[in-house]
Structure formats: structure tokens, C-alpha cells
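Okay, here's what each chain looks like letter by letter:
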Amino acid sequence: LASSPALRLLRSIEDRWTQATPVATDELPLVRPVTRPVAPLAAAPPGRSAVGAVGLVLALASLTPLLLIRRPRRPAMNRTTIGRRLSRVYS
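The structure presented is a predicted model; accordingly, all values stated were derived computationally and were not measured. (Residues numbered from 1 in each chain as written. Predicted model: local features only at pLDDT ≥ 70, side-chain atom pairs only at ≥ 80, totals over all residues. Heavy atoms only, no water.)

Draft legend 1. Expanded view of the overall build of the protein chain. For the protein chain, the count of helices and strands is three helices and zero strands. Helices (α) and strands (β) of the protein chain occur, in sequence order from the N terminus, as α-α-α. Across the 91 residues of the protein chain, 0% fall into the buried class. Accessible surface computed for the protein chain: about 9700 Å², of which carbon and sulfur atoms make up 65%. (Helix = DSSP H or I, 4+ residues; strand = E, 2+ residues; numbered from the N terminus. Buried < 20%, exposed > 50% of the residue type's maximum accessible area, 1.4 Å probe, protein only. Areas by Shrake-Rupley, 256 points an atom, 1.4 Å probe, with all protein chains shown as cover.)

Draft legend 2. Geometry of a nonpolar patch on the surface. A contiguous nonpolar patch, built from Ile82, Leu86, Val89 and Tyr90 and spanning about 450 Å² of accessible area, is present on the exposed surface. With respect to the secondary-structure elements, Val89 resides in helix H3 (residues 79-90). Under the relative-accessibility criterion, Val89 is labelled exposed at 59%. (Patch = residues over 30% accessible without salt bridge, like charges linked within 9 Å, V, L, I, M, F, W, Y side chains within 5 Å. Salt bridge = Lys/Arg side-chain N within 4 Å of Asp/Glu carboxyl O.)

Draft legend 3. Quick look at the confidence of the model for the protein chain. Summing up the model confidence of the protein chain, the mean pLDDT is 79 and the portion of residues at 70 or higher is 86%. The secondary structure element of the protein chain with the lowest average pLDDT is H3, at 74, and the one with the highest is helix H2 (residues 46-68), at 87. (pLDDT = per-residue confidence, 0-100.)

So this is what it looks like as C-alpha cells:
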């Protein structure tokens, strides 16, 4: 539905016309928009990066055994195996 020709046409019209002028403007806004200056980001100390790398290695080392230990898959059940299991239960 999102890739239908009608929506593509609507999207192209919106891209063309709504960038130049807004559809509606509030003449008496309740809040005046204010953009505060942002201080430039300082470089992280090298120790913090090392601690993060060690933590990542420890997390991967602890998760690896959990991913490698898997239950073996049981063979697929067909009519005869279902019948044998039911006969064990009800006998």
C-alpha cells in the first residue's frame, strides 16, 4: 500500500510544496522555540575505551559456551512413532 502510485504521487507533491512554505502556521504560539548552544564533545579517555573492549570480550567469552551447548534435535515423528508413544502411555 505504501508503494502504490497514488501515495508516491502524494509524497512527491509533499516534497515539492511543503518544503517551501508550511501548510499551517501558528500566529500566537504558546511556546517560543529556543535552541541552546551545545558544547563540543570531548574525546573519551583511553581507559574508558579499554574497559569497554575488555567487557565486550568477557561478555562474548561467557556467551560462547551457552551458544555451543544445544539440545540435540529429536527425529521427526511420523505415525508409527506416535502410535508407539501412545501405546506406551495407555498400556
